[in-house]
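Summary of structural features
For reference, the chains in residue letters:
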Amino acid sequence: MIYQIVLAFAATLIITLILGKLGIPVLRSLHAQQSIREEGPESHQAKAGTPTMGGTFMMIAMIIGIAIFAPWNVATGMLLFLTIGHALLGFFDDFVKSVKKRNLGLTAKQKLLGQLILAAVFCYFITEILVIPTTLWIPVADINVNLGWGYYVLAFLIIVGSTNAVNLTDGLDGLAAGTSAVAAIAFAVIGLIHNMPSVAVFGAIVCAICVGFLAFNINPAKVFMGDTGSLALGGAFAGMAILTKTELLLVIIGGIFVMEALSVIIQVISFKTRGVRVFKMSPIHHHFELSGWSEQTVVNRFWLGGALLAVLGVLLAVR
């Protein structure tokens, strides 16, 4: 099994590197360019015009890797469904904004509706076909709480929260890809611990596309993943957490993503209720930039933090 996982990782990594070399010129020819917020850090203005939608070649590499190496079963199919479904949501949004040059892609309501449909289909198949119990495992205490229908609400919140949190993290060169790589390998190990080959191979393949993408996304980035990649990665993490019944561990393993999302929520609530900004800018990676940290320093420290949290999550997964 470990040999299969290593082979899947290595092969998918090579495929991602090849597709990146071929895909970036195509994105340039389509003028799929990243727009930079005017209110963002001044140093980011130099990134205007960098190709985006790099998540497209990440997803193609993932599909090829899964088709060759992953077990062909319902669990693999549902992980692929949730990931590619969110990739398509992100792709449409990216395409309309970056290629068609329209300010509005999908509205927030349209995205939520799409995520609700994806979550509903995913939950139906895993509970009715895979017979995954509607219980929530509490780490450390090692107890299971039966949530009944409430589990579907929890699953939806996990899926929406994960996808949007990874999306918010995608704001610095290499940040989302690097933190996603360590989170993915953590779930691959958890898949091994729980004897779930589908999750183990899937996690390794997701890690491979993130590492491969980093070759082009490390500072200075030659391409950005866009919503196509970030929403898909969030869906992948949510799916792996739900299938392995480690939903609460996702909060730890994806701690960097959680911190990024919370910083935005805190900033918005504080400003709307008190007229005061808690952070110099949100998401929080911009706060550290404006506090004097270089972009690469922020990324490196967030990578380290993500790696430590991933290790902690894996240790807690051992029952």
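Scroll up to find the structure this text is about.
These remarks concern the structure in this document. Just so it is clear, the model here is predicted, and its values are computed rather than measured.

As for the layout of surface pockets
For the second largest pocket, the calculated volume is near 490 Å³. Lining of the second largest pocket is provided by 21 residues; of these, Leu157, Ile158, Gly161, Ser162 and Val258 occupy positions nearest its centre. Those elements that provide at least two residues to the lining of the second largest pocket are helix H5 (150-169), helix H9 (247-253) and helix H10 (255-274).

Some remarks on the nonpolar core
Soluble globular proteins: nonpolar side chains tend toward being buried together. In this structure, Met58, Met62, Val206 and Phe237 are the most contacted members of the largest nonpolar core, which totals 76 residues. Discounting residues that sit within four places of it in the chain, methionine 58 has contacts with Ile209, Cys210, Phe213, Met225 and Leu233. Listed in part, the eight residues of the second largest apolar core include Leu175, Ile256, Ile284 and Val298.

Section: the pattern of salt bridges
For the structure shown, the criterion picks out three salt bridges. A salt bridge links aspartate 93 to lysine 111; the shortest N-O distance between them is 3.1 Å. Note that aspartate 93 is positioned in helix H3 (residues 74-99) and lysine 111 in helix H4 (residues 108-129), a separation of 18 residues in sequence. Its relative accessible area of 2% is what places aspartate 93 among the buried residues. The exposure class of lysine 111 is partly exposed, given its relative accessible area of 22%. Through salt bridges with shared partners, one network takes in Asp93, Lys111 and Asp227.

Points about the state of the cysteines
Applying the stated rule across the entire model yields zero disulfides. Not engaged in a disulfide, the cysteine cysteine 207 finds its nearest cysteine sulfur in cysteine 210; these two sulfurs lie 6.7 Å apart.

What to know about the side chain of threonine 76
Inspection of the secondary structure puts threonine 76 in helix H3. Relative accessible area serves as the criterion here: at 5%, threonine 76 is assigned to the buried category. Residues contacting threonine 76, with those up to four places away along its chain left out, are Ile66, Ala70, Pro71 and Ser198.

What about the environment of alanine 188?
For alanine 188, the location among the structural elements is in helix H6 (residues 175-193). Residue classification places alanine 188 among the buried positions, given a relative accessible area of 4%. Spatially, the C-alpha atoms of alanine 188 and glutamine 267 are 34 Å apart, while their sequence positions differ by 79 residues.

Comments concerning helix H1 (residues 2-29)
With 28 residues, H1 should reach 40 Å at 1.5 Å per residue; the first-to-last C-alpha distance of 40 Å fits that figure. Among the residues making up H1, those that are buried are Ile5, Ala8, Thr12, Leu13, Ile15, Thr16, Leu19, Gly20, Gly23, Ile24 and Leu27. Looking one or two places after H1, you find histidine 31, whose phi comes out positive at around 60 degrees.

So, how was this worked out
Residues numbered from 1 in each chain as written. Predicted model: local features only at pLDDT ≥ 70, side-chain atom pairs only at ≥ 80, totals over all residues. Heavy atoms only, no water. 1 Å grid on protein atoms, 1.4 Å probe; cavity = no way out; pocket = protein on both sides within 12 Å on 5 of 7 lines; lining within 4 Å. Points joined across faces, edges and corners; volume = space filled by probe spheres on them. Helix = DSSP H or I, 4+ residues; strand = E, 2+ residues; numbered from the N terminus. Core = buried A, V, L, I, M, F, W, Y, C linked by side-chain atoms within 4.5 Å. Buried < 20%, exposed > 50% of the residue type's maximum accessible area, 1.4 Å probe, protein only. Contact = heavy atoms within 4.5 Å. Salt bridge = Lys/Arg side-chain N within 4 Å of Asp/Glu carboxyl O. Disulfide = S-S within 2.5 Å. Expected span 1.5 Å × (residues − 1).

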